[in-house]
Amino acid sequence: MRLVNVFLCVFAVTISASSQDFRPAWSPGEIAQRSSYSLEQKIVGTHYFYWYDYPKHHFYQDAAQTVDILQDHFVKPESVSYRDAAWHAEQLDDCADAGLDFILPVYWGTPDNYFKPDVSFSVEGLAPLQLAADRRIQERKQPIKIGLFYDTSTLLPSTRGELNRTEKYDLRTNVGKDIFYRTIRDFYFQIHPRHWATVEGKPLVVLYGAAFSKNHDATLYDYVYENFERDFHGVRPYIIRDMSWAQGSDATTQWGAALSGPYFFDNVVQIGAGYNDSAVPGRSTPIRKRENGNFYRWGWEKILDNSANIVLIETWNEMHEGTSICESREYGSQYIELTSEYVKRFKKGDSGNQRFSLKYPDPVPRPPSQQGSEFANEDTVSIRLGSPIEEKGIWLVRGQTDGPVKRARYADEYCIKTVEAANGYMYFSIADPFAYDVKTPIQVKYTYYDDGFVWHALEYDSHDSSATLNGAYKMAVRVECTQTKKWVTREISLEDARFVNRENGAADFRFAVGGGSFALQSVFVMK
């Protein structure tokens, strides 16, 4: 532990430097020790949560240690500590058994306040982790490289420990950009280049959602690239943004695959094994059952037929949300073995099993006699979300736990909007007599308020079995907010709509929202 204490003392002295007066942490010779993956190489990594320190840290809600808030459980909880290199070594051994190439420590670094008690694990845990990684090298074991998962919730003033500030940071300003950049810089200051997970020589930076900032644009990436190159002898990072961030990074991913199924982008796919956070007090997120590994298998089979080369598994050990694939009391080593099997097939270039399909979610028909029979011969159904709401063949799905909405008024118009969050949804159901298991093109016209969110997307129940959950959540269009502060109307053609009520709450389509709050005035669906 003496090495760790020395490291922390040096780090504490250095981290106060702004991006303007920071001295490079590593010499050119040290940076030359990094190895690299190529863009054509198939690689697999996972989000690595290391905020556990049995029995206190993130195990129990109360000081008496009686309210267990973990959904999945470690087999030997008493041995779990981010301070202990032996625990990290066990995790890295298991990652190697699963066939993983790299881990993404979920970093809660807060520039200028790194040793705030509830976030200090972020810096204190990285030295023991590297000690475990160094031992693997000494023992000639397969290296597990280390990249950054930037948990951007640390941008919130309350998380950073700024008690006198409530306003989120504007990442278009130099102050906001500097805090954002120093989080990335200081993480890689702490990780020796021989452990860096790099693509084409560029260290990996994977971003969580954008909703924790006030505003941002693509100049944020330019700021990071320019300053990182200066501080790390010409090396720039490889940034994989969550899709809630502005375009302009190296690649794209999306958080939430453990709940919704795999998300596919040009060269990156994110996958998860299932989701259940019901053990955490106050949570009401829907549960995605694992179905004895079939949900995970189903996602991997789709990955095998995709061209992406980078797979991000969500997650190695987020035990609160039941997304873990590490060894656990609930599942043993089942998901380590499953991951190993599929990683081998992925790297071999195997094709997916077209016969493997996930039956969930099944269609949920509503008898015409009970709802909407008067719309059977209509050409158009609609919903106007004013005061009052006028539902004519389209219903707002109320009470959906991942889609809380509320009334609002913008530019003198009443509307319904999503509750502000990193990610949110607004669900709608269409009268079955109007459209159920349709085979003809559908036109959707909707009017929304262009401000207050980062992006929104229409996701609909489709015939496209390659889309999320066998087509239940196909993205039709993704729209960036341009902040005109005006009501905007868009029309979208859906050539393969199915509308058999397979979305949450027996819905047929939903608006997914990335960051902030999305206000909707009306929706029309036309044959």
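This one's a predicted model, so the numbers in the text were calculated from it and none came from an experiment.

What counts and how
Residues numbered from 1 in each chain as written. Predicted model: local features only at pLDDT ≥ 70, side-chain atom pairs only at ≥ 80, totals over all residues. Heavy atoms only, no water. Helix = DSSP H or I, 4+ residues; strand = E, 2+ residues; numbered from the N terminus. Rg over C-alpha atoms; globule rule 2.2 N^0.38 Å. Buried < 20%, exposed > 50% of the residue type's maximum accessible area, 1.4 Å probe, protein only. Contact = heavy atoms within 4.5 Å. Areas by Shrake-Rupley, 256 points an atom, 1.4 Å probe, with all protein chains shown as cover. Lys, Arg positive; Asp, Glu negative; His and termini not counted. Charge placed at Lys NZ, Arg CZ, Asp CG, Glu CD. Pairing = 2+ DSSP bridges. Axes fitted to C-alpha atoms, helices over the stretch in contact; angles between N-to-C directions. Phe/Tyr/Trp six-rings, centres within 6.5 Å; stacked < 30°, edge-to-face > 60°. Lys NZ or Arg CZ within 6 Å of the ring centre and 35° of its normal. Parallel < 35°, antiparallel > 145°, perpendicular 65-115°, else oblique. Left-handed = near helix turned anticlockwise from the far one by under 90°. Nonpolar A, V, L, I, M, F, W, Y, C, P; charged D, E, K, R; others polar. Core = buried A, V, L, I, M, F, W, Y, C linked by side-chain atoms within 4.5 Å. Expected span 1.5 Å × (residues − 1). Polar contact = N/O pair within 3.5 Å; in protein donor to acceptor, adjacent residues only side chain to side chain.

Scanning the protein for helices and strands turns up 12 helices and 23 strands. Its C-alpha atoms give the protein a radius of gyration of 24 Å, within 12% of the compact-globule value 24 Å for 527 residues. Along the first, second and third principal axes, the C-alpha set of the protein runs to 75 × 50 × 50 Å. Out of the 527 residues in the protein, the part that is buried amounts to 59%. Restricting to contacts in the protein with at least 6 residues of sequence separation, those with at least 24 account for 76%. Summed over its atoms, the accessible surface of the protein is roughly 21,200 Å², and 48% of this surface lies on carbon and sulfur atoms. Computed over 58 positive and 69 negative side-chain charges, the inter-centroid distance for the protein is 1 Å.

Moving on, we come to unusual backbone geometry. Residues other than glycine predominantly adopt negative phi, and peptide bonds predominantly adopt the trans conformation. The omega torsion of the bond from E314 to T315 falls at 10°, within 30 degrees of zero and hence cis. Tracing the backbone through its elements, the reader meets T315 in the loop between β11 (310–314) and α11 (334–348). With an omega of 5°, the peptide bond running from S387 to P388 counts as cis. Assignment of secondary structure puts P388 in the loop between β12 (380–384) and β13 (390–392). In this structure, H58 is a non-glycine residue whose phi angle is positive, near 60°. Structurally, H58 can be placed in the loop between β1 (43–48) and α3 (85–97).

The next point concerns the sheet that holds strand β14 (residues 394–396). Strand order in the open sheet formed by five strands is β14-β17-β22-β19-β20, and the pairing between neighbours is antiparallel. This sheet does not close on itself; its edge strands, each paired only once, are β14 and β20 (474–480). Sheet twist, expressed as the mean angle between neighbouring strand axes with direction ignored, is 20°. Pairing geometry for β14 and strand β17 (residues 421–430), over three bridges, is antiparallel. By the bridge assignment for β17, L396 is matched with F428.

Throughout the structure, instances matching the rule amount to 47 aromatic pairs. Centroid distance F375 to W395: 6.5 Å. Interplanar angle 85°. Geometry classified as edge-to-face. Here F375, found in the loop between α11 and β12, pairs with W395, found in strand β14; they are 20 residues apart in sequence, far enough to count as distant. Here a set of aromatic residues connected by ring pairs shows up, and it is made of Y48, F49, Y50, W51, Y52, Y54, F59, F74, Y82, W87, W108 and F121. Here the guanidinium or amino end of K527 rests over the ring plane of F434, the centre of that ring lying 4.6 Å away.

Relative orientation and spacing of two packed helices are given, respectively, by the angle between their axes and the distance between those axes. Here helix α7 (residues 174–190) crosses helix α8 (residues 219–231) at 45°, and the two axes come no closer than 10 Å. As the angle between them shows, α7 and α8 are arranged oblique. For the element pair α7 and α8, the recorded crossing hand is right-handed. Within the contact between the two elements, α7 uses N174, K177, D178, F180, Y181, I184, R185 and Y188 and α8 uses T219, L220, Y223, V224, N227, F228 and D231. Considering only residue class, the contact of α7 with α8 consists of eight nonpolar, three polar and four charged.

Here α3 crosses helix α5 (residues 126–138) at 55°, and the two axes come no closer than 8 Å. With respect to each other, α3 and α5 are oriented oblique. The two elements α3 and α5 cross, and the hand of that crossing is right-handed. Residue-level contacts link A85, H88, A89, L92, D93 and A96 of α3 to P128, L129, L131, A132, A133, R135 and R136 of α5.

Here we take up the nonpolar core. Core analysis: the largest hydrophobic core is formed by 115 residues, its most contacted members being Y52, F180 and W300. Counting residues in hydrophobic clusters, the runner-up holds 37 residues, among them V381, L396, I416 and F434.

Right, let's talk about α5 for a bit. Under the 1.5 Å per step criterion, the end-to-end length of α5 is 18 Å for 13 residues, consistent within 8% with the ideal 18 Å. Where α5 is concerned, the buried positions are L126, A127, P128, L129, Q130, A132, A133, D134 and R136. Positive phi appears at R140, one or two residues downstream of α5, with a value of about 55°.

In this section: the side chain of D451. For D451, the position within the fold is in the loop between β18 (442–449) and β19 (453–460). Here D451 falls in the buried class, since its relative accessible area comes to 19%. In terms of polar contacts, D451 uses its side chain to reach the side chain of K485, at 3.3 Å. Ignoring sequence-local partners within four residues, the contact set of D451 consists of C481, Q483, K485 and S517.

Helix length check: α3, at 13 residues, gives a terminal C-alpha distance of 18 Å against a target of 18 Å (1.5 Å per residue), a fit within 8%. Within α3, the full set of buried residues consists of A85, W87, H88, Q91, L92, D94, C95 and A96. Elements that come into contact with the buried residues of α3 comprise β1, β2 (102–107), α5 and α11. The backbone nitrogen of A86 has a side-chain oxygen 2.9 Å away, supplied by the residue at the start of α3, namely D84. Just downstream of α3 lies G99, where phi reads positive at about 85°.

This next bit is on the side chain of S340. Within the secondary structure, S340 is located in helix α11. A polar contact of 3.4 Å, which involves the side chain of S340, links it to the backbone oxygen of D97. Among residues more than four places away in sequence, those in contact with S340 are D97 and A98.

Looking now at the pairing of strand β16 (residues 413–418). Sheet analysis places strand β15 (residues 405–410) next to β16, joined by six bridges and oriented antiparallel. Paired with R407 across the strands is I416, a residue of β16. Taken together, the two bridges between β16 and strand β23 (residues 519–526) define a ladder with antiparallel strand orientation. Bridging from a neighbouring strand, K417 pairs with A519 of β23.

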